[in-house]
Amino acid sequence: MWCVTIECSAEDWQVNGKAFKELITKHPATLLSSKKMHGDERRIMAYQIENVSDAEDLTEACLTLAGFKSMFESL
């Protein structure tokens with residue numbers, strides 16, 4: 001099992017939030033947490049994925065969105 005963590009600024013979310021929502025529906029991911037940070041309003045989301053190749057695919061897909069950072073680790 002894998003955890004994919006995705007982060008972006010408030011500005012990048014305004015620009016690419018809709019594209020991210022469309023992107024995430026194309027991956028077999030279960031939302032673990034989603035936080036809008038107090039102050040700078042950046043977003044941090046964590047998704048659980050069963051297969052390592054799916055985790056790699058989601059990580060790479062998120063990096064195609066300007067300002068989005070993504071990484072994965074074993075749960």
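Whatever comes next refers back to the structure up there.
1. So, the overall build of the protein chain
Right, on to step 1. Counting its secondary structure elements, the protein chain contains two helices and four strands.
Right, on to step 2. Traced from its N-terminal end to its C-terminal end, the protein chain shows the element sequence β-α-β-β-α-β.
Right, on to step 3. Against the 2.2 N^0.38 benchmark of 11 Å for 75 residues, the protein chain shows a C-alpha radius of gyration of 12 Å, consistent with a compact globule.
Right, on to step 4. The 75 residues of the protein chain split such that 33% are buried.
Right, on to step 5. Partitioning the intrachain contacts of the protein chain with sequence separation of at least 6 by distance along the chain shows that 69% fall at a separation of at least 24.
Right, on to step 6. Put simply, the protein chain shows about 4,700 Å² of open surface, and 50% of that area lies on carbon and sulfur atoms.
Right, on to step 7. Between the averaged position of the 8 positive side-chain charges in the protein chain and that of its 12 negative side-chain charges there is a distance of 9 Å.

2. What to know about a nonpolar patch on the surface
Right, on to step 1. On the surface, Met1, Leu32 and Leu75 cluster together to form a nonpolar patch covering roughly 300 Å² of accessible area.
Right, on to step 2. Among the structural elements, Leu32 can be located in strand S2 (residues 30-36).
Right, on to step 3. With a relative accessible area of 43%, Leu32 lands in the partly exposed category.

Each value, and the rule that gives it
Residues numbered from 1 in each chain as written. Predicted model: local features only at pLDDT ≥ 70, side-chain atom pairs only at ≥ 80, totals over all residues. Heavy atoms only, no water. Helix = DSSP H or I, 4+ residues; strand = E, 2+ residues; numbered from the N terminus. Rg over C-alpha atoms; globule rule 2.2 N^0.38 Å. Buried < 20%, exposed > 50% of the residue type's maximum accessible area, 1.4 Å probe, protein only. Contact = heavy atoms within 4.5 Å. Areas by Shrake-Rupley, 256 points an atom, 1.4 Å probe, with all protein chains shown as cover. Lys, Arg positive; Asp, Glu negative; His and termini not counted. Charge placed at Lys NZ, Arg CZ, Asp CG, Glu CD. Patch = residues over 30% accessible without salt bridge, like charges linked within 9 Å, V, L, I, M, F, W, Y side chains within 5 Å. Salt bridge = Lys/Arg side-chain N within 4 Å of Asp/Glu carboxyl O.

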